[in-house]
Amino acid sequence: MRIPTRGLLATALCAMLLAGCAAPTGIVDRVTDDDPSRLLEQAGQQEPAQAARTRLEAADILARQGEHTQALEIAADIDDSLLPPETRARWALLLAELGETLGDPWAVIQATQELDALPLAPDRALALREQLGMALLEVDEPAAAAEALLRVQASRDDEALNDPIWTAMSRLDGQALADLGRDADALTRGWVELAELYRTSGGDIERLFERLDAWRERNSRHPAARRLPADLVALGELRGLEVRHIAVMLPESGPLARPADAIIEGMRIQHRAAGGSVQLSFLDASHGDLEALYREAQSRGAQVMVGPLDKDQVTRLEQQERVPLPTLALNYGHGERNGARGLFQYGLSAENEARQAAVRAWRDGHRSAGVLVPDNDWGRRVGEAFWDEWQARGGEVTNAVRYNPNAPATESTRRAVSNPRPDALFLLALPDYARQVPPTLDYFGASRLPVYATSHLFEGQVNPQLDHDLNDVQFLDIPWQIPDAAVGGVEVLPFLDSYRALREESDPTLFRLHAMGVDAFELARRLPQLQAVSGMELRGATGTLRPGSDGRIERELPWARFVNGVPQPVLIPGIFGDERAR
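Residues numbered from 1 in each chain as written. Predicted model: local features only at pLDDT ≥ 70, side-chain atom pairs only at ≥ 80, totals over all residues. Heavy atoms only, no water.

Trainee: Help me out: how do you make sense of the overall build of the protein chain in this one?
Mentor: Within the protein chain one finds 27 helices and 15 strands. On C-alpha atoms alone, the protein chain measures out to a radius of gyration of 26 Å, which is about the 25 Å that the 2.2 N^0.38 rule sets for 582 residues. The principal-axis extent of the C-alpha atoms belonging to the protein chain is close to 80 × 70 × 45 Å. When the 582 residues of the protein chain are sorted by exposure, 54% land in the buried category. Contacts in the protein chain between residues far apart in sequence, at least 24 positions, make up 65% of those at least 6 positions apart. Carbon and sulfur atoms provide 47% of the accessible area of the protein chain, an area that totals close to 25,300 Å². A distance of 2 Å separates the average location of the 61 positive side-chain charges in the protein chain from that of its 87 negative side-chain charges. (Helix = DSSP H or I, 4+ residues; strand = E, 2+ residues; numbered from the N terminus. Rg over C-alpha atoms; globule rule 2.2 N^0.38 Å. Buried < 20%, exposed > 50% of the residue type's maximum accessible area, 1.4 Å probe, protein only. Contact = heavy atoms within 4.5 Å. Areas by Shrake-Rupley, 256 points an atom, 1.4 Å probe, with all protein chains shown as cover. Lys, Arg positive; Asp, Glu negative; His and termini not counted. Charge placed at Lys NZ, Arg CZ, Asp CG, Glu CD.)

Next comes the structure, spelled out in structure tokens:
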């Protein structure tokens, strides 16, 4: 739930601007010209500190004229270290307000880098900190968001912050919760304990609320005890409706039998790790009679269906008005949207990874990209997914090259990064081909070109001797494949017991499918919750999983960078007051 801070910040900004108008020139050196174009021209002739103040005046005028996009570009480009303290506070309020207006959380984060040092009245500082917390939630930094929002709630005991605080807390793993609760005040300790109850409930609503009732008795004065977060209220309405019987329709023969077996193995392992309280019934979907399979599942008393795996069968289901049972399909249909009520779709989509690569490259400040994908249907689909997301954000594709996977990478790589040279390269390739690309970039003088790749270039086992040629390439993958980069080590992986059992036994080529089976079981257990609670997510073996508006599960994956041939974390520098770096 998004808590509006714009009114508070607008009031604060207005007051700061009025104060600035009356301020002596030694504090805020204003010019009399109110034409932003002329002010920007003047700034080009001024020494840096004066130019920064003049550009701020131009951005302020443009914002008041409704030219928010241009105002944001100018304000974000100001070196705020050149501004005196009071003017820097005006800059921060203006940039944060523009970021809020235009839906740009990074602008809000930029504006609040030195929040504690700004000469602001306490209520104005709290309003900015609240907006910072909301922005951090939007860029999926829940630990930093929780810290910011808890500081606000500690100052003004505002129950209206319960929902965004809970959104942040419920996304934290056990280690992050422990870190947040260490040496914390009573408010934070109460939130940490509540989030830990939720995290360890294993999707069992009855168990969660038995423990929650005891927590509320111990913490009766806590804001969340006085008013439960809306998501927990919605979960409470599902008590007694937990899933106890899941039917699974996957093929036992045919071309999809091997991946189906791997998914089933993951489901069975997680079923045992979760205590075996849910009944599983397996149905052979080889012959494709979906109606008969649903009838069989209903006759056995199943509450939820998992499957099908075949893309055409999923397409048939998504074209219906509704499905006979709440269903988790293990693929995505061909349609642009899923139109069937009760149908969720989940899979390890390369197109999803390509879209995330476009988002990442854009957030890193790149605006032109080369695209290098194989010359086949897979490459076409994934390349189009990157292209569409990139152009939707305003990016330019300089060269899109479809290569022959059986030929050397030299010529295709040269074409992808030549005339003109892009800011970044998107790469879809299997390991043998991918390892040829960075040395080729070096040869053509593009050694510093950022490369963003999908998970397909990593075999899943650390091999520095082979992968040293991939040094500095960034890629995304499931947490189970890159535990150090994803969560800081194996010990804090989701569903650790299942990970260990499957890692020891798995064929490496099937490990991602085993992980998919683990998450499929956990998603199926939670289908009623996914239907009832907007924005609910699962921190799974294959990523952070959230249902989209049409029931298609969106996977958010962690990023890694090859360093000395080993995947290492990719972190965002300079935002959270620490020394983390990319």
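Trainee: Can you help me understand the sheet that holds strand 10 (residues 474-476) in this one?
Mentor: The strands making up a sheet associate through backbone hydrogen bonding, with each pair oriented either parallel or antiparallel. Taking strand neighbours across the sheet as the criterion, the seven strands line up as 7-6-8-9-10-14-15 in an open arrangement whose pairing is mixed. Strands with a single pairing partner mark the edges of an open sheet, and in this sheet they are strand 7 (396-403) and strand 15 (566-569). Along the sheet, successive strands turn relative to each other by an average axial angle of 30 degrees, direction set aside. Both strand 6 (residues 368-374) and strand 8 (residues 424-427) contribute to a ladder of four bridges, which runs parallel. Paired with Leu 372 across the bridge in strand 8 is Leu 427. Lying over the sheet, helix 19 (residues 377-392) contacts strand 6, strand 7 and strand 8, oriented at roughly 165 degrees with respect to strand 6. (Pairing = 2+ DSSP bridges. Axes fitted to C-alpha atoms, helices over the stretch in contact; angles between N-to-C directions.)

Trainee: Looking at this model, I keep getting lost on the environment of Glu 159. Mind explaining?
Mentor: The topology assignment puts Glu 159 in the loop between helix 8 (142-156) and helix 9 (162-169). Along the primary structure Glu 159 and His 222 are separated by 63 residues, whereas in three dimensions their C-alpha atoms are 9.3 Å apart. Other than its neighbours up to four places away in sequence, Glu 159 contacts Gln 153, Pro 223, Arg 226 and Arg 227.

Trainee: Can you walk me through the packing of helix 3 (residues 48-64) against helix 5 (residues 85-102) in this structure?
Mentor: Direction vectors running N to C along helix 3 and helix 5 enclose 35 degrees, while the axes themselves pass 11 Å from each other. Viewed along their axes, helix 3 and helix 5 form a crossing whose handedness is left-handed. Between helix 3, through Arg 53, Leu 56, Glu 57, Ala 59, Asp 60 and Ala 63, and helix 5, the contact on the second element is made entirely by Thr 87, Arg 90, Trp 91, Leu 94 and Leu 98. Among the residues forming the contact of helix 3 with helix 5, the class breakdown is six nonpolar, one polar and four charged. (Left-handed = near helix turned anticlockwise from the far one by under 90°. Nonpolar A, V, L, I, M, F, W, Y, C, P; charged D, E, K, R; others polar.)

Trainee: Is there a simple way to explain the pairing of strand 14 (residues 559-563) in this structure?
Mentor: The two faces of a sheet get side chains in turn, since along a regular strand they alternate between them. By the criterion of burial, strand 14 is predominantly enclosed, with four of the five residues buried. Bridge analysis of strand 10 against strand 14 gives three bridges, and the strand direction is antiparallel. Across the sheet, residue Leu 476 finds its bridge partner in strand 14, namely Trp 559. Relative to strand 15, strand 14 is paired through four bridges, and the arrangement is antiparallel. Bridge pairing in strand 15 places Val 563 opposite Val 566. Linking two consecutive strands that pair antiparallel, namely strand 14 and strand 15, is a turn of two residues; a positive phi of about 55 degrees is found at Asn 564 within it.

Trainee: Before we go on, may I ask you to explain the nonpolar core in this structure?
Mentor: A general trend in soluble globular proteins is that nonpolar side chains are found buried together. One finds Met 169, Leu 330 and Trp 480 to be the most contacted residues of the largest nonpolar core, which totals 110 residues. Top element by residues in this core is helix 26 (residues 511-525). It accounts for nine residues. Discounting residues that sit within four places of it in the chain, Met 169 has contacts with Ala 146, Leu 150, Leu 177, Leu 180, Trp 191, Val 192 and Ala 195. Membership of the second largest hydrophobic core comes to 26 residues, among which are Val 451, Leu 470, Ile 482 and Phe 562. (Core = buried A, V, L, I, M, F, W, Y, C linked by side-chain atoms within 4.5 Å.)

Trainee: Is there a simple way to explain the packing of aromatic side chains in this structure?
Mentor: Aromatic ring pairs are defined here through the distance separating the ring centres and the angle between the ring planes. The full count for this structure, using the stated rule, is 13 aromatic pairs. Seen from their ring centres, Phe 458 and Phe 562 are 6.0 Å apart, and the 70 degrees between their planes marks the pair as edge-to-face. Here the residue Phe 458 occupies a position in the loop between strand 9 (451-453) and helix 23 (464-467), and Phe 562 occupies one in strand 14, the gap between them amounting to 104 residues. Judged by relative accessible area, which is 2%, Phe 458 ranks as buried. Residue Phe 562 is classed as buried on the basis of its relative accessible area of 0%. Judged by centre distance (5.3 Å) and plane angle (75 degrees), the ring pair of Trp 480 and Tyr 499 falls under edge-to-face. Residue Trp 480 is found in the loop between strand 10 and helix 24 (483-487), and its partner Tyr 499 is found in helix 25 (residues 496-505); the two are separated by 19 residues along the sequence. Of the two residues, Trp 480 and Tyr 499, neither departs from the other in class, the shared state being buried. Ring pairing ties together the aromatic residues Trp 362, Phe 386, Trp 390 and Phe 426, which thus form one cluster. When the ring centre of Trp 362 is taken as reference, the NZ or CZ atom of Arg 367 above it lies at 3.5 Å. Looking at Arg 503, its charged tip hangs above the ring of Phe 511, at a distance of 4.1 Å from the centre. (Phe/Tyr/Trp six-rings, centres within 6.5 Å; stacked < 30°, edge-to-face > 60°. Lys NZ or Arg CZ within 6 Å of the ring centre and 35° of its normal.)

Trainee: So what exactly am I meant to see when it comes to the confidence of the model for the protein chain here?
Mentor: Reading predicted coordinates in detail is not appropriate for stretches of low pLDDT. A residue-level look at the protein chain finds 92% of positions with pLDDT of 70 or above and a mean pLDDT of 90. Low confidence marks residues 1-32, where pLDDT is under 50. Its contacts with residues over four positions away, or in another chain, come to 57 contacts. Under a pLDDT of 50 for its full length, residues 573-582 has, in the predicted model, 20 contacts with residues more than four places off or in other chains. (pLDDT = per-residue confidence, 0-100.)

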